[in-house]
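Examination of the molecular architecture
Below, each chain spelled out in residue letters.
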Number of protein chains: 2
Amino acid sequence: MTTATASAPAKSAVIHAASGRIFNYSAGPGVLPDEVIRQAQEELWNCRGSGIGIMEHSHRAKTYDAILAEAIADCRKIGSIPSDYHVLFMTGGATSQNFLVPANILGQTETADYLTTGYWAERSFEHAQMYGNIHEAWDGRPHNHTFIPSDAEIKWSGKAVYAHICSNNTIYGTQWRNSDGSVRLPKVPNNAALVCDMCSDIFSRPFNVRDFGIVYAGAQKNVGIAGVSLVIVRDELLQREPRELPLMLQYRVMAKDESRHNTPPVFPIYMSGLVFKWILKQGGLAALHKTNVEKAKLVYDVLDSSKFYQGHARPDSRSLMNITFRTPSEELDAKFIVEAFQHGMDQLKGHRVTGGMRASLYNAMPRAGAEALASFMREFERRNG
Amino acid sequence: MTTATASAPAKSAVIHAASGRIFNYSAGPGVLPDEVIRQAQEELWNCRGSGIGIMEHSHRAKTYDAILAEAIADCRKIGSIPSDYHVLFMTGGATSQNFLVPANILGQTETADYLTTGYWAERSFEHAQMYGNIHEAWDGRPHNHTFIPSDAEIKWSGKAVYAHICSNNTIYGTQWRNSDGSVRLPKVPNNAALVCDMCSDIFSRPFNVRDFGIVYAGAQKNVGIAGVSLVIVRDELLQREPRELPLMLQYRVMAKDESRHNTPPVFPIYMSGLVFKWILKQGGLAALHKTNVEKAKLVYDVLDSSKFYQGHARPDSRSLMNITFRTPSEELDAKFIVEAFQHGMDQLKGHRVTGGMRASLYNAMPRAGAEALASFMREFERRNG
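Being a predicted model, the structure only gives us computed values, none of them experimental.

**Structural notes on the side chain of His164(A)**
All names here are of chain A. Take His164: it is sitting in strand β5 (residues 160–166). Reaching out from His164, the side chain makes a polar contact with the side chain of Tyr216 at a distance of 2.8 Å. Other than its neighbours up to four places away in sequence, His164 contacts Asp113, Tyr114, Leu115, Ser124, Val195, Asp197 and Tyr216.

**Topic: the interface of chain B and chain A**
If you look at the interface, chain B gives 69 residues, while chain A gives 69 residues. Summed over both sides, the interface of chain B with chain A buries roughly 5500 Å², with 63% coming from carbon and sulfur. For the interface between chain B and chain A, the tally reads 2 salt bridges. The tally of links from chain B across to chain A stands at 21 residue pairs in polar contact (both at pLDDT 80 or more).

**What to know about the domain arrangement of chain A**
All names here are of chain A. Domains assigned within chain A are domain 1 (54–281) and domain 2 (283–384). Here domain 1 and domain 2 have C-alpha centroids that lie 27 Å from each other. It is Ile171, Tyr172 and Arg177 in domain 1 that bury the most area against domain 2; as a group they hold 20% of the surface buried on that side. Joining domain 1 to domain 2, the criterion identifies 0 salt bridges. At the boundary of domain 1 and domain 2, one finds 19 residue pairs in polar contact (both at pLDDT 80 or more). Every element with two or more residues in the side of domain 1 that touches domain 2 is listed here: β7 (174–175) and α7 (266–282).

**Focus: the relation of the copies chain B and chain A**
Two chain copies here: they are related by a rotation about an axis and a translation along the same axis. Least-squares fitting of chain B to chain A yields an RMSD of 0.0 Å, with the superposition described by an axial translation of 0.0 Å and a rotation of 180°. Overall, the copies show the geometry of a two-fold rotation axis. When C-alpha distances to the rotation axis are compared across chain B, the minimum falls at Gln41(B), with a value of 2.4 Å. In this assembly, 100% of the residues forming the interface of chain B have copies in chain A that are likewise at the interface, indicating an isologous arrangement.

**Comments concerning the packing of aromatic side chains**
As enumerated under the stated definition, the model contains 35 aromatic pairs over all chains in all. Here Tyr114(A) and Tyr162(A) contribute two aromatic rings whose centre-to-centre distance is 5.9 Å and whose plane-to-plane angle is 65°, an arrangement assigned as edge-to-face. Taken together, the positions of Tyr114(A) in strand β3 (residues 111–116) and Tyr162(A) in strand β5 put the pair 48 residues apart, joining distant regions of the chain. For the pair formed by Tyr114(A) and Tyr162(A), the shared burial category is buried. Note on Phe336(B) and Phe376(B): the rings are 5.1 Å apart at their centroids and 65° apart in plane angle, and the pair reads as edge-to-face. Residue Phe336(B) is found in helix α9 (residues 330–342), and its partner Phe376(B) is found in helix α10 (residues 367–384); the two are separated by 40 residues along the sequence. On the accessibility criterion, Phe336(B) (0% relative accessible area) is buried. The structure contains a cluster of three or more aromatic residues connected by ring pairs, namely Phe308(A), Tyr309(A), Phe325(A), Phe336(A), Phe376(A) and Phe380(A). Above the plane of the ring of Trp45(B) lies Arg38(A), whose end atom (NZ or CZ) is 3.5 Å from the centre.

**Looking at the sheet that holds strand β3 (residues 111–116) of chain B**
All names here are of chain B. With respect to topology, 7 strands assemble into an open sheet ordered β2-β10-β9-β8-β5-β3-β4, the strand pairing being mixed. Two strands in the sheet have a free side with no partner beyond their single neighbour: β2 (85–90) and β4 (133–139). When strand polarity is set aside, the average angle formed by the axes of neighbouring strands in this sheet is 15°. Both β2 and strand β10 (residues 229–234) contribute to a ladder of 6 bridges, which runs antiparallel. Bridge pairing in β10 places Met90 opposite Ser229. Each of β2 and β10 is contacted by helix α2 (residues 62–79), which is oriented at about 130° to β2, the strand it contacts most.

**Here we look at the packing of helix α1 (residues 34–45) of chain A against α7(A)**
Residues and elements named next belong to chain A. With their axes 10 Å apart at the nearest point, α1 and α7 run at an angle of 140° to one another. Between α1 and α7, the interaxial angle falls into the category oblique. Crossing angle aside, the handedness with which α1 passes α7 is right-handed. Facing α1, whose interface residues are Glu35, Val36, Gln39, Ala40, Glu43 and Leu44, α7 presents Phe267, Tyr270, Met271, Leu274, Val275, Trp278 and Lys281. Here the contact of α1 with α7 is built from residues that sort into 9 nonpolar, 1 polar and 3 charged.

**A few points about the environment of Gln97(A)**
All names here are of chain A. In this structure, Gln97 sits in helix α3 (residues 93–105). Since its relative accessible area comes to 0%, Gln97 is described here as buried. C-alpha separation for the pair Gln97 and Ser83, spaced 14 residues apart in sequence, amounts to 22 Å. Those residues within four positions of Gln97 in sequence are excluded, and the remaining contacts are Met90, Pro102, Tyr216, Val231 and Tyr251. Within the local environment of Gln97, its side chain forms a polar contact with the side chain of Tyr251, the two groups lying 2.7 Å apart.

**Overview of the environment of Gly53(B)**
Here Gly53(B) shows up in the loop between α1 (34–45) and α2. With a relative accessible area of 0%, Gly53(B) lands in the buried category. For the pair formed by Gly53(B) and Glu43(B), sequence separation is 10 residues and the distance between their alpha carbons is 5.7 Å. Residues within four places of Gly53(B) in sequence aside, it is in contact with Arg21(A), Glu43(B), Leu44(B), Trp45(B), Asn46(B) and Cys47(B).

**Here's the deal with α1(A)**
Along an α-helix, residues three or four positions apart point the same way, because every turn accommodates 3.6 residues. Buried residues of α1(A): Val36(A), Ile37(A), Ala40(A), Gln41(A), Glu43(A), Leu44(A) and Trp45(A), and no others. Structurally, α1(A) contributes buried residues whose contacts are with α7 of chain A together with α1 of chain B.

**Quick notes on the packing of helix α3 (residues 93–105) of chain B against helix α4 (residues 119–128) of chain B**
All names here are of chain B. Closest axis-to-axis distance for the α3/α4 pair is 8 Å, and the angle between their directions is 40°. If you check the angle between α3 and α4, you find them oblique. For the element pair α3 and α4, the recorded crossing hand is right-handed. Of the residues in α4, those in contact with Thr95, Asn98, Phe99 and Pro102 of α3 are Trp120, Arg123, Ser124, His127 and Ala128. Partitioning the contact of α3 with α4 into residue classes produces 4 nonpolar, 4 polar and 1 charged.

The rules behind the values
- Residues numbered from 1 in each chain as written.
- Chains lettered and ligands numbered in written order.
- Predicted model: local features only at pLDDT ≥ 70, side-chain atom pairs only at ≥ 80, totals over all residues.
- Heavy atoms only, no water.
- Helix = DSSP H or I, 4+ residues; strand = E, 2+ residues; numbered from the N terminus.
- Polar contact = N/O pair within 3.5 Å; in protein donor to acceptor, adjacent residues only side chain to side chain.
- Contact = heavy atoms within 4.5 Å.
- Buried area = accessible area lost by both parts, 1.4 Å probe.
- Salt bridge = Lys/Arg side-chain N within 4 Å of Asp/Glu carboxyl O.
- Domains from an automatic or database assignment.
- Least-squares fit on C-alpha atoms with pLDDT ≥ 70 in both.
- Phe/Tyr/Trp six-rings, centres within 6.5 Å; stacked < 30°, edge-to-face > 60°.
- Buried < 20%, exposed > 50% of the residue type's maximum accessible area, 1.4 Å probe, protein only.
- Lys NZ or Arg CZ within 6 Å of the ring centre and 35° of its normal.
- Pairing = 2+ DSSP bridges.
- Axes fitted to C-alpha atoms, helices over the stretch in contact; angles between N-to-C directions.
- Parallel < 35°, antiparallel > 145°, perpendicular 65-115°, else oblique.
- Left-handed = near helix turned anticlockwise from the far one by under 90°.
- Nonpolar A, V, L, I, M, F, W, Y, C, P; charged D, E, K, R; others polar.

Encoded structure:
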């Protein structure tokens, strides 16, 4: 246990005896469903009876043909993705999508609107600068990114080829949402394409793909592991060709070659496939969303009934995925994190830019994990409040 | 077994009873050492006693800090990599290095020399065209890429910033080598940096890093799994800044941020770390090379004593990693592949551009795999010769 949390004593953590596992609230890479891990363990040695482990399969052989085809079909089913959208598996993380989006669809003299609602949205805004006129339609920095703007607060350029948002701000714990947790989107003028960084809430709730030109997400929070990104792109955008790009950076090439222009990250794509099958087995996005709302409520109820804890996000913008909060002092924050670890809850430390605590309750976090956290929070407040 | 090879009957393959595994001669992704897979299986569930599986660990947490630091230290130890070289883990495969190398180190009016000794070397030559004057110092196409040129056959530009080679040509089965299988390199004039695509033979034999400016390799043959590439780069080349590039495409940024500018492919990097520890346990590169020479000899001896089989590579250029050969007819090639599969040997079909058969004998292929293949080849010749 020496390596899990620097400040925690080595022998006091409660690893849950039955499973050998601890509740993992990491913001990403994040927790995976137990049964998905169990299947991966088996297929590491022998995948689908081939006598070859999944990591050792050629990306041009029949076993991987089937795995890739099923992953794409299941992904389409989960998201009700229309036939005029491509589903791509790419590498380089969502951070690479920050430049790939404008590189692939924005001409050097054209304009794109960006809404900087958090840390990663700021990075998206910065990385896009090389490729055209980047207009900041909303700047959440002066508000310390505590909320998502209303339509009245957004200053559109009025000439954007596309508008970029980040649907869930992992670090600040805010989300584009209605009061019931469903997807709220800005009203983008002139039918400009909406491009969405959906890293930390993709497939955690229903959404309408037709509302978007491009959706992208690193897989390591809700749809797999680090090393692959999911990109869902409307075909008409593939026709744009604003500049010469290396083959490996072209959405068009990835679409034409079905995410196999070169050797793809076979195992990460396989893992996304397993997670997709797990999502379908849970009943799809509506069922997951219902559970996610309930899990988040368990923790937000503690914040709302407490004078001890303070949440970072304005209640109307609270993320269902990442709950950010703090105690009255940094000392108590540190104590909270150490004691939570001793009670079998790990990775609760907030990001360095926000401090405090962050509990990520992704799809794979069981309800028992949210209950354990809420219960510990109440008990910690009683002792220290 | 239905998915392993299209043409083989489902029930007749010999999966080795004791292990549940088949000999896998895939050119990549390729076979991994059994004990590496066994350890990964365990740590998928609970990595290093953390109660969190390796796929679910934050890339900023202590467990991954240690995994990354050990991977880099072990890699440096294996390759005796000097301190003025960086070891980078990148994504996008070696195919992305085809454009990243010139993008990062070649000015638009400068010249680089390329030696096209095979299929991937051709691709490297093509992808570089966007970034400067690309001079083809050797063209192996007219010779059907059957051999590696002598120094006398190479036509250098005389003004290259760097020269690019591919040390082992996976598809044609040729390798830059001396008669004992050790590394042979072209004599590059004017101390130009040598850049080497070492995808399919990295860490299969000793080499002197100081002979190279940049070495790159997708991990999925000898140093891990698909989804990460190893890049070893001399620090002075990081000072070159021939053009503006997105942060994610800059070697300099990857070096400064120690391959963690964004979320890296945690699990693929972990797997490279396990393979590095396995290599050290085998006795390092000299020991592996000795075994690899012996394994390859088992199969090449069959070719040399046969009037039935024909090897693709000229004997002085034969690869120790990928052995390419054919029978007297395409019908017999197909029969060979089906029957080998029935005898517990899979993925022997040659690449579409060469046809015939290809047996990849990477580090992790046990000697028994080379023996089984050689024995089957003799037996098949007896029956069909």
